[in-house]
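# Structural features, examined
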Amino acid sequence: MDARNPASRDLIERLVGFDTTSSKSNLALIDEVADYLRDHGARVHVLASDDRTKANLFASVGPDVAGGICFSGHTDVVPVDGQPWDSDPFEVVEHDGRLYGRGTADMKSFIAVGLALVPEMTGRQLSAPIHFALSYDEETGCHGAPHIIAAFDDALPRPDLVIVGEPTEMKVVNANKGIVVVTTVVTGLEAHSSLTDRGVNAIFQGGHLLRYLEDQALEFRTHRDADFDPPYSTLSVGTIAGGTAVNIIPRQCTIQWEFRPLPEVDIAAVVAAYDDFATETVLPEMRAVHPEATIETTLVVSVPGLAPDPDSAAEALVRRLTGANRSHTVSFAAEAGLFQAAGIPTVICGPGAIGQAHQPNEFIALDQIAKCEDFMRRVIDDVA
């Protein structure tokens, strides 16, 4: 099965052609999409980031009323640096029924298919609007989507439901894990390494925190949900840095760690328990030697998971339109839980395979694009 709408292929090529790696601006892509949508009569809102180097886009087609269905996707992609690509990552190459390029699976094809069908949307008498929510910096912690959500009921119309087009091979996903990233800086006191009683070794003290985190990771394994793989919340220490020389007691140690909680896990409680251990158990030992010692913990990223909702209008609609007789779960993080936390029924369903995301020679199969087109046309039919 091949993509049947030539505009889908054209728009995939155009979107992939923009290098929207999260460390770079997405403004050129947003400007082109905004012009395209305005040319087709859509109501377009561009929401700049605080530093105005990036932007979200929210657009509506159909009647100018509250409610409707929202297609949600992120415009940023992960880096290609150091990856062994066989072709230019920002130029779409077709081979053996696949389109190769950074973002083809994650997740510019979903966005492109939706945009390609805008002329069909505007040619119908829709009973409710169809919206597009395109965000920045999803890959670095879902920083853009909250600004869209905060504008609902004020500058932007609140949709009735949201479909997040992350790559699920067009399977209906009603739950995903969240993601939390934490940075801890332990500050002790330097001293000559022969005088260990005169200093506070920040790396040793950080080691106590590492042991706590390892114990917490093992504890997570006892609370299982067989629908996920792995079937429990995971915790990992990603980086640790400290010290200046082997003969100097290290003054500082920085630890970066993340955990990916099951949807029902209380994120704030996990971080608070860690902080309590740091301040009530580790810090007093440090301050017994150096009263000015500190342990500072910063919550860098906190994105809730999407929790299963038996009464979700989003899940009911997508299952009906795809013909799926069951829903699935995924372990990757997404913006879906943010919309759900704002009280909007949300589901994840998009073309491509998550196994291709973030990989060299990322690709999407043409039959996945066709399935996405079929699904979105059913959405249009449903609101026409």
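Structural data are supplied above this passage.
Quick look at the structure, then. Just so we're clear, the structure is a prediction, and the values are computed from it rather than from any experiment.

### Comments concerning the sheet that holds strand β12 (residues 294-303)
Strand pairing in a sheet relies on backbone hydrogen bonds, with the paired strands running either antiparallel or parallel. The 4 strands lie next to each other as β10-β11-β9-β12, forming an open sheet whose pairing is antiparallel. Where the open sheet ends on each side, the last strands, each with one partner, are β10 (234-242) and β12. Looking at each pair of strands side by side, their axes are set apart by 15° on average, direction ignored. Contacting β9 (179-187), β11 (252-260) and β12, helix α7 (residues 267-287) runs over the sheet at an angle of about 170° to β12.

### Structural notes on the pattern of salt bridges
Per the counting criterion, the structure on display carries 18 salt bridges. R14 is the salt-bridge partner of E32, the closest N and O atoms lying 2.9 Å from each other. Here R14 lies in helix α1 (residues 6-16) and E32 lies in helix α2 (residues 27-39), a separation of 18 residues in the sequence. When its relative accessible area of 29% is taken as the criterion, E32 is described as partly exposed.

### Describing the packing of α2 against helix α3 (residues 104-116)
Here α2 crosses α3 at 20°, and the two axes come no closer than 11 Å. Viewed along their axes, α2 and α3 adopt a mutual orientation that is roughly parallel. Crossing geometry of α2 relative to α3 is assigned as left-handed. Contact residues: α2 offers L29, V33, Y36 and L37, while α3 offers K108, L115 and A116. Of the residues belonging to the contact of α2 with α3, the class tally is 6 nonpolar, no polar and 1 charged.

### A look at the packing of helix α8 (residues 313-322) against helix α10 (residues 366-383)
The N-to-C vectors of α8 and α10 enclose an angle of 115°; their axes lie 10 Å apart at closest approach. Judged by the inter-axis angle, α8 sits roughly perpendicular to α10. The element α8 and its partner α10 pack so that their crossing is right-handed. Contacts from L317, V318, R320, L321 and T322 in α8 reach F375, R378, V379 and D382 in α10. A breakdown of the residues in the contact of α8 with α10 according to their chemical character gives 5 nonpolar, 1 polar and 3 charged.

### Overview of the pairing of strand β6 (residues 130-135)
Most of β6 sits inside the fold, with 6 of its 6 residues counted as buried. In β6, alternate side chains face the same way, and those of I130, F132 and L134 on one face and H131, A133 and S135 on the other are all buried. For strand β2 (residues 55-61) and β6, the ladder comprises 5 bridges, and the chain directions are antiparallel. Each bridged residue has a counterpart across the sheet, and for V61 the counterpart in β6 is I130. Sheet analysis places strand β3 (residues 69-74) next to β6, joined by 6 bridges and oriented parallel. Across the sheet, the residue bridging to C70 is H131, located in β6.

### Here we look at helix α6 (residues 202-220)
The terminal C-alpha atoms of α6 lie 27 Å apart, and with 19 residues this matches the ideal 27 Å at 1.5 Å per residue to within 8%. Taken residue by residue, α6 has A202, Q205, G206, L209, Y212, L213, Q216, A217 and F220 as its buried positions. The buried side chains of α6 occupy one side of the element, clustering within an arc of 140° when seen end-on. Residues F204 and R211 are exposed on α6 and point more than 90 degrees away from its buried face. Where α6 is buried, its residues touch β9, β10, β11, α7 and β12. Backbone nitrogen of I203 and a side-chain oxygen of the N-cap are separated by 3.0 Å at the start of α6; the cap is N201.

### Focus on the packing of aromatic side chains
Under the defined criterion, the tally for this structure stands at 9 aromatic pairs. Aromatic pair F220 and F259: ring centres 5.8 Å apart, planes at 25°, arrangement stacked. With F220 in helix α6 and F259 in strand β11, the pair connects residues that are 39 residues apart, well separated along the chain. Given a relative accessible area of 7%, F220 falls into the buried group. Over the ring of F363 we find R98; its NZ or CZ atom is 3.9 Å from the centre of that ring.

### Details of unusual backbone geometry
Residue M107 follows D106 across a cis peptide bond; omega there is -10°. Relative to the helices and strands, M107 is located in helix α3. Here the residue pair D229 and P230 is connected by a cis peptide bond, since its omega of -5° sits within 30 degrees of zero. Take P230: it is sitting in the loop between α6 and β10. Within the chain, D96 stands out as a residue other than glycine whose phi angle is a positive 50°. In this fold, D96 is placed in the loop between β4 (93-95) and β5 (98-100). The phi dihedral of H358 is positive, around 70°, even though this residue is not glycine. Mapped onto the secondary structure, H358 falls in the loop between β14 (346-348) and β15 (363-365). Exposure remark for H358: the relative accessible area of 36% places this residue in the partly exposed category.

### Some words on the layout of surface pockets
By volume, the largest pocket is sized at about 330 Å³. E139, I179, R260, A333 and H358 are, among the 18 residues lining the largest pocket, the residues nearest its centre. For the lining of the largest pocket, the per-class residue count stands at 9 nonpolar, 4 polar and 5 charged.

What counts, and at which threshold
- Sequence order as written defines residue numbering, which begins from 1 separately in each chain.
- Under the rules for a predicted model, residues below a pLDDT of 70 receive no local features and side-chain atom pairs below 80 are neither given nor counted, while totals for whole chains, interfaces and linings still include all residues.
- Computation of side-chain values covers all heavy atoms of the structure but excludes hydrogens and water.
- Pairing between two strands is assigned when DSSP locates at least 2 bridges connecting them.
- By definition, any uninterrupted DSSP run of H or I lasting at least four residues is a helix, any uninterrupted run of E lasting at least two residues is a strand, and each is numbered from the N terminus.
- For helices, the axis comes from a line fit to the C-alpha atoms of the stretch in contact; other axes are also lines fit to C-alpha atoms, and the angle between any two N-to-C directions lies between 0 and 180 degrees.
- By definition in these notes, contact holds between two residues if any of their heavy atoms fall within 4.5 Å.
- When a carboxyl oxygen of Asp or Glu lies within 4 Å of a side-chain nitrogen of Lys or Arg, that pair is called a salt bridge.
- Here's how the labels work: a residue is buried when its accessible area is under 20% of the maximum for its type, exposed when over 50%, partly exposed in between, all with a 1.4 Å probe on protein chains only.
- Angles are sorted into four bins: roughly parallel if under 35 degrees, roughly antiparallel if over 145, roughly perpendicular if 65 to 115, and oblique for all others.
- In this scheme the handedness of a crossing depends on how the near helix is turned from the far one: anticlockwise by less than a right angle means left-handed, clockwise means right-handed.
- Side-chain classes are defined by residue name, with Ala, Val, Leu, Ile, Met, Phe, Trp, Tyr, Cys and Pro counting as nonpolar, Asp, Glu, Lys and Arg as charged, and the others, Gly among them, as polar.
- Residue count minus one, scaled by 1.5 Å, sets the expected span of a helix.
- Our arc is simply the arc of the directions from the helix axis toward the C-beta atoms.
- Within 3.5 Å is the distance limit for a polar contact, defined as a pair of N or O atoms, with the added protein rule that one can donate a hydrogen and the other accept it, and that residues adjacent in sequence qualify only through two side-chain atoms.
- Centres within 6.5 Å are what make two rings of Phe, Tyr or Trp a pair, Trp counting through its six-membered ring; a difference in plane orientation under 30 degrees is then read as stacked, over 60 as edge-to-face, and the rest as tilted.
- Definition used: whenever NZ (Lys) or CZ (Arg) falls within 6 Å of the ring centre and also within 35 degrees of the ring normal, the charge is taken to sit over that ring.
- The way it works is a 1 Å grid over only the protein atoms, where trapped points that fit a 1.4 Å probe form a cavity and open points with protein on both sides within 12 Å along at least five of seven lines form a pocket, and then any residue with an atom within 4 Å of a point lines it.
- Grid points are joined across faces, edges and corners, and a volume is the space filled by probe spheres set on the points.

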